[in-house]
Structures are given as structure tokens and as C-alpha cells.
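Commentary on secondary and tertiary structure
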Amino acid sequence: MKALEYACDIKAEVFGKPSSLFFQSVLNDMGLQPHEVVMIGDDLVNDVGGAQHCGIKGIQVRTGKY
């Protein structure tokens, strides 16, 4: 990341789950509202919690990190 920032002379903005910016960006890209989406994930904090924090319904599955 640092090499790309240096080569492009810009500061990268890195974000992902459970960031509200991450979930809002996905909603904007898809042209959807939070009440139209369900997040299904195996991580209670990053998947389900992050989605719920943005008004998206979250469902936890018992696989992976469960």
C-alpha cells in the first residue's frame, strides 16, 4: 500500500467491514436502501454487527468463524 501511495503521490483510504463507510458504499453502488438488504455472515461483529449499525438486517450463520 505504501509503495502505491508513493508512486501515485496520493494517500489511500482503506476501509472494510465493520465500517459504516463500507456498507454505505455498497448500498450506494447497488442503488439500494438498508431496508432492502440482508447481510448474511459468519462473523457476529464484522458482518452482522456492522450491517445492523447501518440499518441493514443481519443474519449469522453457523459456519466459518462461528
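Right above here is the structure, for reference.
Description of the structure in this document. Please read all numbers here as calculations on a predicted model, not as lab measurements.

**Examining the pairing of strand E2 (residues 57-60)**
Relative to E2, strand E1 (residues 38-41) runs parallel, the two being bridged by four bridges. The residue bridging Gly 41 from the neighbouring strand is Gln 60, located in E2. On the question of chirality, the crossover connecting E1 to the parallel E2 by way of helix H3 (residues 44-53) is right-handed.

**Details of the nonpolar core**
Judged by nonpolar contacts, Phe 23, Leu 27, Val 37, Met 39, Ala 51, Cys 54 and Ile 56 together constitute the single largest core of seven residues. Residues within four places of Leu 27 in sequence aside, it is in contact with Leu 32, Gln 33, Pro 34, Val 37 and Ile 56.

**Digging into unusual backbone geometry**
Excluding glycine, residues mostly carry a negative phi; peptide bonds, for their part, are mostly trans. Going from Lys 17 to Pro 18, the amide bond is cis rather than trans, its omega being 10 degrees. Within the secondary structure, Pro 18 sits in the loop between helix H1 (2-8) and helix H2 (20-30). Even without being a glycine, Asp 9 presents a positive backbone phi close to 55 degrees. Looking at Asp 9, the relative accessible area reads 70%, which means it is exposed.

Parameters and conventions
- Residues numbered from 1 in each chain as written.
- Predicted model: local features only at pLDDT ≥ 70, side-chain atom pairs only at ≥ 80, totals over all residues.
- Heavy atoms only, no water.
- Pairing = 2+ DSSP bridges.
- Helix = DSSP H or I, 4+ residues; strand = E, 2+ residues; numbered from the N terminus.
- Right-handed = clockwise from strand over helix to strand, strands pointing away.
- Core = buried A, V, L, I, M, F, W, Y, C linked by side-chain atoms within 4.5 Å.
- Buried < 20%, exposed > 50% of the residue type's maximum accessible area, 1.4 Å probe, protein only.
- Contact = heavy atoms within 4.5 Å.

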